[in-house]
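Structural overview
As a plain string of letters, each chain reads:
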Amino acid sequence: MKKIFGILLCFYLTSCLFGANESSKKIIKDFYLLAWDERDWIAYSTDDKSVFEDEKIIISHDVFAVGNNDDFIIGKQHPCENKEKHFMDFDSLKPNKEIINYFIIDTRNNIYELKSFDNESDYFKERKRLGISENLDYKFFDNRIE
């Protein structure tokens, strides 16, 4: 019985307490795509160790499409129904799939510029104005969230 309890305890500790459900992947420069329990965020940090700090998040969950070139990051996100600031309160992470927010992150300068759009038309106008190729597509696309 003690062996079974010990094995179960080990599985529990390695699956939740030590961050087995989190990951980060560098997009470009100091921008990272974060994943935590099937939710995706975009963070800005000079190192990948601090990307999960709340103040580093620049696009909250649920990011479901991300593309980039050397100068820009483009993407789509469903806003959360919970309008209060939150990061790890998983009970309140309910995306409103009726709404799609579009974003462009301009990384050409030392300070990034985030542009957000609530309609596709304005998003594509800004892409054209900035000279972002129409061929720039999404490298990351999460069908579960779309």
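Residues numbered from 1 in each chain as written. Predicted model: local features only at pLDDT ≥ 70, side-chain atom pairs only at ≥ 80, totals over all residues. Heavy atoms only, no water.

1. Some details on the pattern of salt bridges
Scanning the entire structure with this criterion turns up 4 salt bridges. Close ionic contact of Arg108 with Asp106 constitutes a salt bridge, the shortest N to O distance being 2.7 Å. Where Glu126 meets Arg129, a salt bridge forms, and the shortest distance between an N and an O atom there is 2.7 Å. Pair noted here: Glu126 and Arg129 are both in helix 2 (residues 120-130), with a separation of 3 residues, about one helical turn. (Salt bridge = Lys/Arg side-chain N within 4 Å of Asp/Glu carboxyl O. Helix = DSSP H or I, 4+ residues; strand = E, 2+ residues; numbered from the N terminus.)

2. Here's the deal with the side chain of His78
The residue His78 is located in the loop between strand 6 (72-77) and strand 7 (101-106) in this model. A distance of 2.8 Å separates a polar atom in the side chain of His78 from the backbone oxygen of Ile99. (Polar contact = N/O pair within 3.5 Å; in protein donor to acceptor, adjacent residues only side chain to side chain.)

3. Focus on the sheet that holds strand 6
Strands sit in the order 8-7-6-5-9 across an open sheet of 5 strands; the sheet is antiparallel. The sheet terminates laterally at strand 8 (113-117) and strand 9 (140-141), the two strands that pair on one side only. In terms of strand pairing, strand 6 meets strand 7 through 6 bridges, oriented antiparallel. When the sheet's bridge partners are listed, Ile73 is paired in strand 7 with Ile105. Against the sheet, helix 2 touches strand 6, strand 7 and strand 8, its axis set at about 20° to strand 7. (Pairing = 2+ DSSP bridges. Contact = heavy atoms within 4.5 Å. Axes fitted to C-alpha atoms, helices over the stretch in contact; angles between N-to-C directions.)

4. Focus on the pairing of strand 5 (residues 63-68)
Buried residues dominate strand 5, accounting for 6 of its 6 residues. Taken together, the 5 bridges between strand 5 and strand 6 define a ladder with antiparallel strand orientation. Residue pairing across strands places Ala65 opposite Lys76, the latter belonging to strand 6. Connecting strand 5 to the antiparallel partner strand 6 that follows it, the hairpin turn spans 3 residues. Sheet analysis places strand 5 next to strand 9, joined by 2 bridges and oriented antiparallel. (Buried < 20%, exposed > 50% of the residue type's maximum accessible area, 1.4 Å probe, protein only.)

5. A word on helix 2
All of the buried residues in helix 2 are Tyr123, Glu126, Arg127 and Leu130. Angularly, the buried residues of helix 2 cover 105° about the axis, an arc narrow enough to put them on a single face. Away from its buried face, by an angle of more than 90 degrees, helix 2 presents the exposed residues Lys125, Lys128 and Arg129. Positive phi appears at Gly131, one or two residues downstream of helix 2, with a value of about 80°. (Arc of directions from axis to C-beta.)

6. Examining the environment of Ile57
Relative to the helices and strands, Ile57 is located in strand 4 (residues 57-59). Once the C-alpha coordinates of Ile57 and Ile42 are considered, the two residues, 15 residues apart in sequence, prove to be 5.9 Å apart.

7. Points about the packing of aromatic side chains
Considering all chains together, one arrives at 6 aromatic pairs under this definition. Residues Phe31 and Tyr112 carry aromatic rings whose centres are separated by 5.4 Å and whose planes lie at 80° to one another, so their mutual orientation is edge-to-face. Of this pair, Phe31 sits in strand 2 (residues 31-36) while Tyr112 is found in the loop between strand 7 and strand 8, placing the two residues 81 residues apart along the sequence. Among the aromatic residues, those joined into a ring-pair cluster are Tyr102, Phe117, Tyr123 and Phe124. (Phe/Tyr/Trp six-rings, centres within 6.5 Å; stacked < 30°, edge-to-face > 60°.)

8. Focus on the confidence of the model for the chain
Looking at the chain as a whole, its pLDDT mean stands at 79, while 73% of the residues score no less than 70. Per-element confidence in the chain ranges from a low mean pLDDT of 44 for helix 1 (residues 2-17) to a high of 98 for helix 2. In this model, residues 3-20 is a region of pLDDT below 50 whose contacts with residues beyond four sequence positions or in other chains number 5 contacts. (pLDDT = per-residue confidence, 0-100.)

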